[in-house]
Amino acid sequence: MKKTVLFVMTQKGYDALKHFIELFGSSHVSFVVGAKDESVQQDFYREIKELCEKNNIIFFDRKDKYTVNTDYMIAISWRWLIEQENSRLIVMHDSLLPRYRGFAPLVNCLVNGETAVGVTALFASEEYDKGDIIAQRSVKINYPLRINDAINEVSVCYKGLIEDIGKQILSGQHINAVKQDETLASYSLWLDEDDYTINWNMNAEAIKRFIDAVGFPYSGAATFIDQKKMRVNDAEVLPDLLIENRKPGKIIFIQNGKPVVVCGMGLLKIISLTDDNTTQEMLPLKRFRIRFT
């Protein structure tokens, strides 16, 4: 009986694994390797482990010792190197390669205002995300769009790809792939806490996309009031006004307790603002003369 090994993380990995089991049955899964992700508020580690237990599938943490003896391995939403040995590794990447190779591609697609997002299945290579492409799935998107909703959108793409590739692996078919066009390649850098801070010199539409792109399950867009870190969880773009001495980050109005902040271009009304340490909602603000930095 043909089997495969799956390395899975986050909601995307959980959804794809669940779909694989529902389609082909747990008997075709040799084992699953999972990993915790402390960079997100909900990493689905527990859900993935429980799904395996429910379906009598062996589960390993990435730090455990295990031996792969299948022809293929599939990695979904995975962040670490995997030794291929005698198995071929298929990676599912959160972008339409060769664009957005690297890290946090879905987040950066939303920040940049891409009109479509998707997933690429490719063979692993020595240099990350440069392997031959097996298949791709994409979906059109509209803004405003929160990252959690975008994850749900691309999860459909993951399900489609895991179905196509699973059929080929389990039937013993040869899996075809094509080389990437290097002239179209672009890269997406990893993100850390410094990258979560709002740049109020940007236009209001771009800031709104940024807020939505780094929200739950990520930490959220950060800003500072009197050097105290806050998280902007939701905001609304308002029409711009002629401001003679434009100073991005300053409050210009308070509307029903919600501050309207001057951006490099446009205005942004903050709908939800929480203290980074306590997660307490800070609106309505107690004073008007505030500069967000």
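Above this text is the structure in question.
Since this is a predicted model, take the numbers as computed values, not measurements.

## Topic: the overall build of the protein chain
Within the protein chain one finds 5 helices and 14 strands. Taking the principal axes of the C-alpha coordinates as reference, the protein chain spans close to 70 × 40 × 30 Å. Looking at the protein chain as a whole, 50% of its 293 residues are labelled buried. Restricting to contacts in the protein chain with at least 6 residues of sequence separation, those with at least 24 account for 69%. Carbon and sulfur atoms form 47% of the exposed surface of the protein chain, whose accessible area is close to 15,300 Å². Across the protein chain, the 36 positively charged side chains and the 39 negatively charged ones have centroids separated by 4 Å.

## Regarding the sheet that holds strand β14 (residues 267–275)
Judged by pairing direction, the sheet is antiparallel, and its 5 strands sit side by side in the order β10-β11-β14-β13-β12 without closing on themselves. If you trace the sheet from one side to the other, it starts and ends with β10 (221–225) and β12 (251–255), each paired once. Strand-to-strand twist across the sheet, computed as the mean angle between neighbouring axes with direction ignored, equals 45 degrees. By the bridge criterion, 4 bridges tie β12 to strand β13 (residues 258–262) in an arrangement that is antiparallel.

## Description of the packing of aromatic side chains
The geometry of an aromatic ring pair comes down to the distance between the two centres and the angle between the two planes. By the definition in use, this model includes 12 aromatic pairs. An angle of 90 degrees between the planes, with centres 5.1 Å apart, marks the rings of Phe-31 and Phe-60 as edge-to-face. Residue Phe-31 is located in strand β2 (residues 29–34), and its partner Phe-60 is located in strand β3 (residues 59–61); the two are separated by 29 residues in the primary sequence. Both rings, one in Tyr-45 and one in Phe-59, keep their centres 5.6 Å apart while their planes meet at 80 degrees; by these two values the pair is edge-to-face. Of this pair, Tyr-45 sits in helix α2 (residues 45–54) while Phe-59 sits in strand β3, placing them 14 residues apart in sequence. For the pair Tyr-45 and Phe-59, a shared accessibility class is recorded, and that class is buried.

## Structural notes on unusual backbone geometry
Cis geometry marks the peptide bond from Leu-97 to Pro-98, where omega comes out at 15 degrees. With respect to the helices and strands, the residue Pro-98 is situated in the loop between β5 (88–93) and β6 (101–102). Here Leu-283 and Pro-284 are connected by a cis peptide whose omega angle stands at 0 degrees. Along the polypeptide, Pro-284 turns up in the segment after β14. In the Ramachandran plot, Phe-44 falls in the positive-phi region, its phi being about 65 degrees despite a non-glycine side chain. The backbone phi angle of Asp-129 is positive, close to 65 degrees, even though this residue is not glycine.

## Brief notes about the packing of helix α1 (residues 10–24) against α2
Interaxial distance between α1 and α2 falls to 9 Å at its minimum, and their mutual angle equals 15 degrees. By the angle between their axes, α1 is roughly parallel relative to α2. Here the hand of the crossing between α1 and α2 comes out left-handed. Packed against α1, whose contacting residues are Thr-10, Tyr-14, Leu-17, Lys-18 and Ile-21, the element α2 presents Glu-47, Ile-48, Leu-51 and Cys-52 at the interface. By residue class, the composition of the contact of α1 with α2 is 6 nonpolar, 1 polar and 2 charged.

What counts, and where the lines are drawn
- Residues numbered from 1 in each chain as written.
- Predicted model: local features only at pLDDT ≥ 70, side-chain atom pairs only at ≥ 80, totals over all residues.
- Heavy atoms only, no water.
- Helix = DSSP H or I, 4+ residues; strand = E, 2+ residues; numbered from the N terminus.
- Buried < 20%, exposed > 50% of the residue type's maximum accessible area, 1.4 Å probe, protein only.
- Contact = heavy atoms within 4.5 Å.
- Areas by Shrake-Rupley, 256 points an atom, 1.4 Å probe, with all protein chains shown as cover.
- Lys, Arg positive; Asp, Glu negative; His and termini not counted.
- Charge placed at Lys NZ, Arg CZ, Asp CG, Glu CD.
- Pairing = 2+ DSSP bridges.
- Axes fitted to C-alpha atoms, helices over the stretch in contact; angles between N-to-C directions.
- Phe/Tyr/Trp six-rings, centres within 6.5 Å; stacked < 30°, edge-to-face > 60°.
- Parallel < 35°, antiparallel > 145°, perpendicular 65-115°, else oblique.
- Left-handed = near helix turned anticlockwise from the far one by under 90°.
- Nonpolar A, V, L, I, M, F, W, Y, C, P; charged D, E, K, R; others polar.

Everything listed here is a matter of coordinates, which is why it stays silent on function.
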